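Remarks on the overall topology
Now for the letters of each chain:
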Amino acid sequence: MIRTILIFFLFFCCQSTVFSQQPDVVFKGKIIDAQTKEQLPGATVRLHESKRGGSARLDGTFSVDKLTTGTYHLQVTFMGYYTLDTVVRIDNNTYLLLAMRNKAKDLNTVSINGKRDGESAAAAKKSEQLAGNVMNIVSAKNIQLSPDITIANVLQRVSGVSLEKSGSGDGRYAIIRGMDKRYNYTLINGVKIPSPDNKNRYVPLDLFPADLVEKVEVNKTLTPDMEGDAIGGTVNMVMKNAPERLYVNGSVSGGYNQTLMDRKFDYFPTGAINRKSPYEANGPAYLAQPGDFTRDNLNFTKKNFTPNLFANLSIGNRFFKNKLGVMLGGSYQHSYKGYHSIYNPVDEYIDLTDAYGTIYMKHAYVRDYSTEVKRTGLNAKVDYRFNDYNKISVYSFTAILDEAQARIGMDTLQPPPRLAPGLGQVWYQNRARYQRQRINSTTLRGEHDVLPGQLKLDWSAVYSKASNSIPDLAEYEYDGGFYADGTNKDPYQHPNVVTAYNREWWKNNDRDYAGYLNASYTGNVAEIPFKITVGGMYRDKHRDNFHQVYKLDRVTDAGQPFQLWTDIYHFNWTVTNPAGSPADGNNYRADESIAAGYAMLKFTVKKLEAIVGARMENTDQKYFTDAPESMEGKNGAITYSDIMPSVHLKYMLSNKTNLRLSYFSSISRPGYFELIPYPYNGDEYMEQGNPKLKHTTADNIDFRYEYFPRPEEQILIGAFYKKLANPIEWGFVRGMGQNQQILQPNNYGDATNFGFEVVYEKYIRNFGIRANYTYTNSTIEAMKQRTFNRTEANQLEKRPLQGQSAHIANAALLYKNPKIGLDMQLNWQLTGKRIAALSPYYGYDYWQKDMNTFDFSAEKKIGRHFSVFTKIQNLLNTPYELYINGVPSNTVPMPKAGDNKTLIQKDTFGRDFQLGARFVL
């Protein structure tokens, strides 16, 4: 590993040695904006007589070496600025401060921002400084140079943001300031999008390739013109806009996952999967036959190493005297990943013979996963400027994620010794799972200056759809045999006995029609400039959810009470529920209409900028299930209204320093599935919705100090406090059967969440550091089961909110040398321990261990338009580990995760390597 990193380092650095010779004369200076005095990193310096030159560093300084004393024709260029053309006398003592004039400040007409300016880190910092609310922005340039290839992984570099990972090890959901993914929402170009998740509202962010965005905004406070159902924050992906001239940015790269260099990939043909269940294909009266269920998708074969492929291309330009702008973009990522997992769940067993109860871990799973991921992103934006006062635009974005995963596993079962002393059993369990998720959002938008400089109007009409399909989720298991001491006998005396298994189809669609209308009036009273904005939004949402389960059972061998396992093609089964599960309560339709209106006043008194206002949202939600008429909660409806005031104050201490103080009220709505009171067999526990669930409300206070010393530098120090009423958490309730535990969403009283954030970014010549740290503390009380004197009882347990880490930190060591076109960075990311899953038992929640991950990336320019780059993720092969506090009573020792801690799960994903080339025009 060390050797590989050294090779990459030497490859990118070797060309720099030619510049190490000591010159006769060195010309030095700094390039700044003539008006703002800000540094202009990347500005180009050229001395015509010597044919030598260079680029300004991140602090605006430059140097040109290998010169002789004399007079030179100096030319300085930078996009968006007038060329500086002059004659200078240079010797060893020459140091010039060069001021350039911004073209945009000299234009009386509407200006169009340069493409590269909008994607730069300096533009992102400036947007943060000028914003009316608390936000963090990641620019396209920083994303390009980072080790990250998806939006989810990009977000882990933002202060206060941690990730919940997917089954392939990639980040999937953002947890903002310790608030679970349910308390955040996602936008594309400022428009909220639906979720393809089959149970929840939140959007999986690993759908989105990172190379199509102009920037990613994380809003941590809400103004009245923003939708109010976010307590943690929002993620807004701003897609690339049309430039003022031809823009081309494309790359192609390859790579591999280290795990698949050590073992082969377990492959199954996704084309063999029946996309429709027998119920869908043949009608509701059809009775499924054993031959309706395929076998090829359960025939796993070993596949040799196949490299990963990544490609993207964005092209844009303006036409017809800059009236028509077009931007088209596409991204395709095809990767293979493998990981190894051990899983030792706490079982649902309490030994009441003990005074305080004993938890046993009866199962030990060992699993190998092979995942093939295809991620496609398409972006199109067209805008037309009729004149300086009227503009119309259409933009559309589509993201598709195909994921095929094979799981090859073994389960070692050992019952508690009081029930079966010395008896154990081994099961082999294999699963094939294919999933396609898709999101499309199309927006028609108009912007109009009705009274130029005073009255503005904008409107949007939006169609969005998210879909999810998991066809024929199939698994099977067979008995690997019993093992026992001398007092126990194998009841069959045969290994490899086939057992029953299921075939399952999930399908859901989430469709939105939405309309937005905003009007603003700008004026001045008593030399106090102000802006009044009013607006409204209406969204009509429809979701349909389809779920079918077929239970297959073995056909016993002749004269035997069992069937011996040979292979999947000789496995004989019968269908125990040939009609499927049409009365499943998870076959439902949900409708939701949200009507909102707001009023907002923005004004400036000397150095104080204030935004005050309120937003009202009315929610009308209904659901209809296919459950039997006799089932309570078969259909349901819920309606509520919320008025959410907010105040945002920004005091500008200087042109580089702000103080912010904000208050806003917000909500979080229950998911659709969470209201359906029908039990469902989840991954580990029985799950069931709760029709009595209330929506969550919150009061939020934020403070932040901001200092922007240079265009790409910043110091941010902030604090936040959140008070939640009726927070929604998944917890355990008693089911109908003995010792049956059901996982169900409930409102758990009130909760608090507070903390502070620090962000620091600094550059010294070609070196820089980018770091942030967030401390978060949350508290909630929930009922858990405990045993006292051989009697079960419920007891309140105080704990943090699920998913909240007390400590989150990021740091990146940066090297940027515009002179030789080299960028390198080494990233470190810490996610502190947090509750990953809740347990029904007091003190036995599943905790994720501290995770320290390191990533590396580098890019080297070759000429004006080409560059080569590399990205290495998870340098130290950091595992994902879960543990419980305490040591359960087991007949065999369990792996430890520290003092008085027991390991529950350990997933090892391996390193990911990527090497490619880029073209930018």
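Preceding block: the structure.
Below, the structure is looked at part by part.

Criteria and cut-off values
Residues numbered from 1 in each chain as written. Predicted model: local features only at pLDDT ≥ 70, side-chain atom pairs only at ≥ 80, totals over all residues. Heavy atoms only, no water. Helix = DSSP H or I, 4+ residues; strand = E, 2+ residues; numbered from the N terminus. Buried < 20%, exposed > 50% of the residue type's maximum accessible area, 1.4 Å probe, protein only. Areas by Shrake-Rupley, 256 points an atom, 1.4 Å probe, with all protein chains shown as cover. Core = buried A, V, L, I, M, F, W, Y, C linked by side-chain atoms within 4.5 Å. Contact = heavy atoms within 4.5 Å. Pairing = 2+ DSSP bridges. Axes fitted to C-alpha atoms, helices over the stretch in contact; angles between N-to-C directions. Polar contact = N/O pair within 3.5 Å; in protein donor to acceptor, adjacent residues only side chain to side chain. Patch = residues over 30% accessible without salt bridge, like charges linked within 9 Å, V, L, I, M, F, W, Y side chains within 5 Å. Salt bridge = Lys/Arg side-chain N within 4 Å of Asp/Glu carboxyl O. Phe/Tyr/Trp six-rings, centres within 6.5 Å; stacked < 30°, edge-to-face > 60°. Lys NZ or Arg CZ within 6 Å of the ring centre and 35° of its normal. Arc of directions from axis to C-beta.

Take the overall build of the protein chain next. When helices and strands are tallied, the protein chain shows seven helices and 49 strands. With 921 residues in all, the protein chain has 55% of them scored as buried. Surface exposure of the protein chain reaches about 37900 Å², of which carbon and sulfur atoms provide 56%.

Time to look at the nonpolar core. Counting 44 residues, the largest nonpolar core has Met 179, Tyr 183, Ile 231, Tyr 588, Leu 724, Tyr 846 and Ile 904 as its most contacted members. Looking at which element gives the most residues to this core, the answer is strand 47 (residues 880-885), with four residues. If near-sequence neighbours (up to four positions away) are discounted, Ile 231 is found in contact with Met 179, Tyr 183, Phe 664, Ser 666, Ile 667, Ser 668, Thr 696, Ala 698, Asn 700, Lys 722 and Leu 724. Judged by nonpolar contacts, the second largest core, of 30 residues, contains Val 154, Val 158, Met 237 and Ala 399.

A sheet is described by the order of its strands in space; here three strands give the open sequence 4-1-7, paired in mixed fashion. Edge positions in the sheet fall to strand 4 (61-67) and strand 7 (95-100), since each of these pairs with one other strand and no more. Averaged over neighbouring strand pairs, the angle between their axes works out to 25 degrees when direction is ignored. Here six bridges tie strand 1 (residues 25-33) to strand 7, and the two strands are oriented parallel to one another. Bridged to Ile 31 within strand 7 is Leu 98.

The sheet contact formed by strand 25 (residues 501-525) and strand 26 (residues 528-554) spans 25 bridges and is antiparallel. Along strand 26, the bridge assignment pairs Lys 507 with Phe 546. Linking strand 25 to strand 26, which pair antiparallel, is a turn of two residues; within it Ala 526 sits at a positive phi near 50 degrees.

We now examine the side chain of Lys 220. One can find Lys 220 in the loop between strand 13 (213-219) and strand 14 (233-239). Take Lys 220: its relative accessible area is 1%, and that puts it in the buried class. In terms of polar contacts, Lys 220 uses its side chain to reach the side chain of Asn 136, at 2.8 Å.

The next point concerns a nonpolar patch on the surface. Taken together, the side chains of Val 647, Leu 649, Leu 661, Ile 701, Phe 703, Tyr 721 and Phe 754 make up a nonpolar region of the molecular surface, amounting to roughly 560 Å² of accessible area. Residue assignment for the nonpolar patch shows that the elements contributing at least two residues are strand 30 (635-654) and strand 34 (696-707). Take Leu 649: it is sitting in strand 30.

Take the sheet that holds strand 2 (residues 44-47) next. Taken in spatial order, the four strands line up as 3-2-5-6 in an open sheet, and their pairing is antiparallel. At either end of the open sheet lies a strand with only one pairing partner, and these are strand 3 (52-55) and strand 6 (84-90). When the angles between neighbouring strand axes are averaged without regard to direction, this sheet yields 25 degrees. For strand 2 and strand 5 (residues 70-77), the ladder comprises four bridges, and the chain directions are antiparallel. Note on strand 5: the bridge partner recorded for Arg 46 is Gln 75.

For the structure on display, the rule yields 27 aromatic pairs. Ring geometry for Phe 208 versus Phe 397: centroids 5.9 Å apart, planes at 35 degrees, classification tilted. Of this pair, Phe 208 sits in the loop between strand 12 (191-192) and strand 13 while Phe 397 sits in strand 21 (residues 390-413); the two residues are 189 residues apart in sequence, bridging distant segments of the chain. Residue classification places Phe 397 among the buried positions, given a relative accessible area of 3%. The structure contains a cluster of three or more aromatic residues connected by ring pairs, namely Tyr 428, Tyr 476, Tyr 478, Trp 565, Phe 571 and Trp 573. In this arrangement the basic side chain of Lys 181 is found over the ring face of Tyr 202, its NZ or CZ atom lying 5.2 Å from the centre. Across from the ring centre of Tyr 365, 4.4 Å away, lies the NZ or CZ of Arg 367, which sits over that ring.

So, on to the pattern of salt bridges. Side-chain pairing between opposite charges can occur once the charged atoms of the two side chains come close. Overall, the coordinates contain 51 salt bridges when judged by the stated rule. Here Asp 180 ties to Lys 181 by a salt bridge, and the two come within 3.5 Å at their closest N and O atoms. Since its relative accessible area comes to 12%, Asp 180 is described here as buried. Relative accessible area serves as the criterion here: at 10%, Lys 181 is assigned to the buried category. Its salt-bridge partner being Arg 539, residue Glu 227 comes within 2.6 Å of it at the nearest N-O pair. Of this pair, Glu 227 sits in the loop between strand 13 and strand 14 while Arg 539 sits in strand 26, placing them 312 residues apart in sequence. Look at the salt bridges and you will find they share partners, linking Glu 227, Asp 510, Asp 512, Arg 539, Lys 541 and Arg 543 into a network.

Let us look at the environment of Leu 451. The residue Leu 451 is located in strand 22 (residues 424-451) in this model. Note on Leu 451: relative accessible area 42%, which makes it partly exposed.

Regarding helix 3 (residues 121-130), the residues found buried are Ala 121, Ala 124, Lys 125, Glu 128 and Gln 129. With its buried residues spanning 140 degrees around the axis, helix 3 presents them on a single face.

In short, the description is geometric, and any link to function would need to be established separately.
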